[in-house]
Amino acid sequence: MSVAAEAKLIIDGQSVPAVDGRTSTLIEPATGSQLAVVAAAGVEDVERAVSAAARAFPGWRRVSSRERAQLLFRLAALLRQNRDELARLESRNAGKPIRDARDEVDLAANCFEYYGGAVDKVGGQTIPVAAPGVSLTFREPIGVCAIIVPWNFPIAITSWKSAPALAMGNTVVLKPAEQTPLTALRLAELMLEAGIPSGVFNVITGAGSVVGEALVKHPLVRKVSFTGSTDVGVRVMKLAADTIKRVTLELGGKSANIIFADSDIDKAVSSAVSSSLGNAGQDCCARSRVLVEQSVYDQFLEKLRRGFSSVVMGDPLREETEMGPMITAEHRERVLGYIRSGIDEGAELVCGGSAPDDPSLSGGTYIAPTIFAGAKRGMRIVREEIFGPVVAVMPFIGEQAAIEMANDSEYGLSGSIWTRDIGRALRVARAVETGVLSINTGSSVHLGAPFGGFKKSGIGRELGLAALDHYSEMKSVYIDVSG
Ligand code: NAD
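In this numbering scheme, every chain counts its residues from 1 along its sequence in written order. At least 70 in pLDDT is required for a residue's local features to be given in this predicted model, at least 80 for side-chain atom pairs to be given and counted, and no such filter applies to totals for whole chains, interfaces and linings, which use all residues. Based on all heavy atoms of the structure, the side-chain values leave hydrogens and waters out of the count.

(A) Summary view of the site of the ligand. One heavy atom within 4 Å of a molecule or strand is enough for the residue carrying it to be called near that molecule or strand. Lining the immediate surroundings of the ligand are 28 residues, of which Val-149, Glu-178, Ser-229, Leu-251 and Glu-385 lie closest. Between N or O atoms, a polar contact is any pair within 3.5 Å; within protein, one atom must be a potential hydrogen donor and the other a potential acceptor, and residues adjacent in sequence are included only when both atoms are from side chains. In this structure, an oxygen atom belonging to the ligand sits 2.9 Å away from a side-chain N or O atom of Trp-151. Interatomic distance of 2.8 Å between a side-chain N/O atom of Glu-213 and a nitrogen atom of the ligand. When the ligand sits alone it has 850 Å² of accessible area, and the protein chains cover 90% of it. For each structure, a 1 Å grid was placed over the protein atoms alone; sets of points admitting a 1.4 Å probe that cannot get out are labelled cavities, open sets with protein on both sides within 12 Å along at least five of seven lines are labelled pockets, and lining residues have an atom within 4 Å of a point. Occupancy of a cavity or pocket is assigned to a molecule whenever over half of its atoms lie within 2 Å of that pocket's grid points. Because more than half of its atoms lie within 2 Å of the grid, the ligand is assigned to the largest pocket. Put simply, the parts of the chain that give the shell around the ligand at least two residues each are helix 7 (208–217), strand 11 (221–227) and helix 8 (230–241). Taken together, the residues that form the shell around the ligand break down as 15 nonpolar, seven polar and six charged. For accessible areas, the Shrake-Rupley method is used with a probe of radius 1.4 Å. Any residue's cover is judged against the shown protein chains and nothing else. The way it works is that DSSP assigns letters per residue, a run of H or I at least four long becomes a helix, a run of E at least two long becomes a strand, and they are numbered from the N terminus. Here the term charged refers only to Asp, Glu, Lys and Arg, the term nonpolar to Ala, Val, Leu, Ile, Met, Phe, Trp, Tyr, Cys and Pro, and the term polar to all other amino acids, Gly among them.

The structure is reproduced here in structure tokens:
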């Protein structure tokens with residue numbers, strides 16, 4: 001697909017416009033200019049896509065697990081062959097640095113390969129029971145899965161959900177975020193090229209309030225896997241309740257980065273920069289609350305200020321760029337609103353706080369990396385997910401205080417702990433109420449390890465073999481052998 005072309009829906013293996021011919025325009029975040037025109041699907045398009053997925057289901061579930069694995073391997077190879085094109089598309093559409101976009105495409109390829117490799121190795125159990133016979137378990141596919149994803153890691157999150165769904169024999173209707181549909185549409189083309197049958201993977205682009213809701217309510221959709229904001233997650237869960245759909249929710253976060261005085265401070269600083277500014281802070285796992293032991297607080301804050309001030313912002317397509325713009329002008333306004341609230345509520349602005357001075361960036365939706373010190377627990381910048389390049393740094397005294405501060409959040413997605421004391425690292429890791437934690441590093445996301453949130457950060461797990469449980473139904477069969 002060439003950028004600036006008109007992008008259509010992919011339903012039943014065909015590239016088609018929306019039934020009513022409606023389209024929407026994508027704006028490139030780094031320049032503010034038009035990037036592409038995309039079909040804006042409506043409820044009738046949802047109907048067509050779900051029907052196609054439902055028709056394809058009986059055939060796809062009968063494809064042997066080994067053959068499904070081979071198709072997913074072929075898809076992974078095609079993603080690698082088309083890596084540069086996909087990465088450029090993602091970089092321009094989402095405004096993310098090209099190096100990160102390449103990593104995301106690699107992650108997607110690895111993910112399809114991981115689940116392709118897993119699917120013919122997971123079986124059921126034989127269970128001795130108190131009766132003259134034996135119980136067996138089987139994993140059955142669920143049926144049509146609606147996959148709804150956000151704009152921050154479009155191809156990666158799409159793969160996290162689609163790979164286990166397809167591997168287990170489900171069919172899919174994918175709804176990408178309005179802002180970032182381009183790599184999803186290209187992925188659907190590559191699926192067909194890999195030999196995955198028509199109708200198994202369909203993509204409809206359009207508004208969440210229309211297409212997303214119609215998918216979640218549709219009686220033929222058996223499972224909804226949603227990644228996005230907690231507010232929309234609540235709505236999805238309520239809408240899914242009427243038809244008792246299986247639901248996986250990956251939602252917002254406000255993760256804590258806990259730095260003890262005995263840690264390698266320079267390493268912790270450098271990681272605090274990348275783990276809060278990666279993807280310009282538009283990351284559900286962003287460590288946006290930095291908790292620092294009092295005795296090293298001043299030196300840490302000064303080093304962090306220097307780290308934030310030296311981040312290279314710029315054109316996402318340039319190799320040296322480390323941080324791109326906010327996804328849209330509207331989102332930039334939202335983030336700037338949080339910055340104003342921090343100032344109004346009395347936090348101390350250490351650096352950033354506005355668009356960068358560099359005039360060459362004035363066409364894009366950039367915000368300079370921003371640090372607040374002196375933040376207090378009740379402030380909005382401490383409690384709410386900002387989803388931008390903004391951190392609040394706060395001192396603590398003692399292990400217990402660090403745990404209490406980390407847990408003082410309605411979210412529970414991610415976090416990091418920095419200390420050379422392994423006992424303390426594990427004590428704190430067990431006590432912090434989040435689903436994913438890293439010790440002495442800034443990220444814990446690995447394909448083989450389960451990923452997901454506690455509290456209002458979500459329900460269910462993605463990645464690892466754990467995800468297979470969320471894309472299959474467990475069936476128990478008892479065989480009487482009493483004769
Ligand atoms: P969003 O909730 O606004 O949108 C997410 C998706 O839901 C989009 O495709 C959107 O069109 C769709 N949608 C919107 N309203 C809908 C409705 N009523 N019914 C069904 N679908 C609807 O989120 P966003 O702004 O695209 O992404 C940012 C959010 O995503 C942040 O809160 C972030 O933390 C979260 N996120 C979470 C994870 C995770 O794994 N936990 C990963 C990435 C992003």
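(B) Layout of the environment of Tyr-366. Assignment of secondary structure puts Tyr-366 in the loop between strand 15 (348–351) and strand 16 (370–373). Beyond its immediate chain neighbours, meaning those up to four positions away, Tyr-366 contacts Ala-30, Met-313, Gly-314, Asp-315, Pro-316, Met-323, Gly-324, Pro-325, Arg-332, Ala-355, Pro-356 and Leu-361. Only heavy atoms matter for contacts: two residues are in contact if any of them lie within 4.5 Å across the pair.

(C) Focus on the pairing of strand 7 (residues 133–141). Strands were regarded as paired on the criterion that DSSP finds at least two bridges between them. As paired elements, strand 6 (residues 126–128) and strand 7 share three bridges and run antiparallel to each other. Bridge pairing in strand 7 links Ile-127 to Ser-135. In this antiparallel pair of consecutive strands, strand 6 and strand 7, the connection spans four residues.

(D) Main features of unusual backbone geometry. In this model, Asn-279 sits at a positive phi of 55°, which is unusual for a non-glycine residue. With respect to the element layout, Asn-279 can be found in the loop between helix 9 (265–277) and strand 14 (289–293). In the Ramachandran plot, Asn-440 falls in the positive-phi region, its phi being about 60° despite a non-glycine side chain. With respect to the secondary-structure elements, Asn-440 resides in the loop between strand 20 (438–439) and strand 21 (454–455). We classify Asn-440 as partly exposed; its relative accessible area is 27%. Throughout, exposure labels follow a simple rule: accessible area from a 1.4 Å probe, protein chains only, divided by the maximum for the residue type, with under 20% read as buried, over 50% as exposed, and the rest as partly exposed.

(E) Summary view of the pairing of strand 9 (residues 171–175). In terms of burial, strand 9 is a largely internal element, five of the five residues being buried. Both faces of strand 9 are covered, namely the face carrying Thr-171, Val-173 and Lys-175 and the face carrying Val-172 and Leu-174. Think of it like this: strands point away, you trace from the first strand over the helix to the second, and a clockwise trace means the crossover is right-handed. Following the chain from strand 8 (residues 144–148) across helix 5 (residues 154–167) to the adjacent parallel strand 9, one finds a crossover that is right-handed. Inspection of the sheet shows strand 9 paired to strand 10 (residues 201–203) by three bridges, in the parallel sense. The residue of strand 10 that forms the bridge with Val-172 is Phe-201. Since strand 9 and strand 10 lie parallel, the crossover through helix 6 (residues 182–194) that links them has a hand, and here it is right-handed.

(F) Examining the packing of aromatic side chains more closely. To pair, rings of Phe, Tyr and Trp, with the six-membered ring standing in for Trp, must have centres within 6.5 Å; the planes then decide the type, stacked if under 30 degrees apart, edge-to-face if over 60, and tilted in the middle. As enumerated under the stated definition, the model contains four aromatic pairs in all. Considering the side-chain rings of Trp-160 and Phe-451, the 5.1 Å spacing of their centres and the 70° angle between planes classify their relative orientation as edge-to-face. Linking Trp-160 in helix 5 with Phe-451 in the loop between strand 20 and strand 21, this pair joins segments that are 291 residues apart in sequence. With a relative accessible area of 5%, Phe-451 lands in the buried category. Pairing Phe-260 with Phe-396 gives two aromatic rings, centres 5.3 Å apart and planes at 80°, and the pair type is edge-to-face. Here Phe-260 is found in the loop between strand 13 (256–259) and helix 9, whereas its partner Phe-396 is found in strand 17 (residues 390–396), with 136 residues between them in sequence. The exposure class of Phe-260 is buried, given its relative accessible area of 0%. The lysine or arginine in question, Lys-223, covers the ring of Tyr-471, its NZ or CZ lying 4.7 Å from the ring centre. Should the NZ of a Lys or the CZ of an Arg lie within 6 Å of a ring centre and within 35 degrees of the ring normal, that charge is described as sitting over the ring. If you follow Arg-424 out to its NZ or CZ, it ends over the ring of Phe-260, 4.1 Å from the centre.

(G) Spotlight on the sheet that holds strand 5 (residues 34–39). The strand order across the open sheet built from three strands is 1-5-4, with neighbouring strands paired in mixed fashion. Among the strands making up the open sheet, the edge pair consists of strand 1 (6–7) and strand 4 (23–27).

(H) Here's a closer look at the environment of Thr-31. Positionally, Thr-31 belongs in the loop between strand 4 and strand 5. Given the relative accessible area of 41%, Thr-31 is considered partly exposed. Counting along the chain gives 284 residues from Thr-31 to Asp-315, while the straight-line C-alpha distance between them is 8.5 Å. Setting aside its immediate chain neighbours within four residues, Thr-31 contacts Gly-363 and Gly-364.

(I) Examining the layout of surface pockets more closely. Computed from the structure, the largest pocket encloses a volume of approximately 1,100 Å³. As for the largest pocket, its lining consists of 41 residues, of which Trp-151, Phe-226, Gly-228, Ser-229 and Val-232 are closest to the centre. When residues of the lining of the largest pocket are traced back to their parent elements, those giving at least two are helix 7, strand 11, helix 8 and helix 11 (329–344). Taken together, the residues that form the lining of the largest pocket break down as 17 nonpolar, 12 polar and 12 charged. Grid points are joined across faces, edges and corners, and a volume is the space filled by probe spheres set on the points. Quantified by volume, the second largest pocket comes out at close to 930 Å³. Elements with a contribution of two residues or more to the lining of the second largest pocket: helix 4 (98–119), helix 5 and helix 9. The element contributing the most residues to the lining of the second largest pocket is helix 9, with seven residues.

Purely geometric stuff here, so don't read any function into it on its own.
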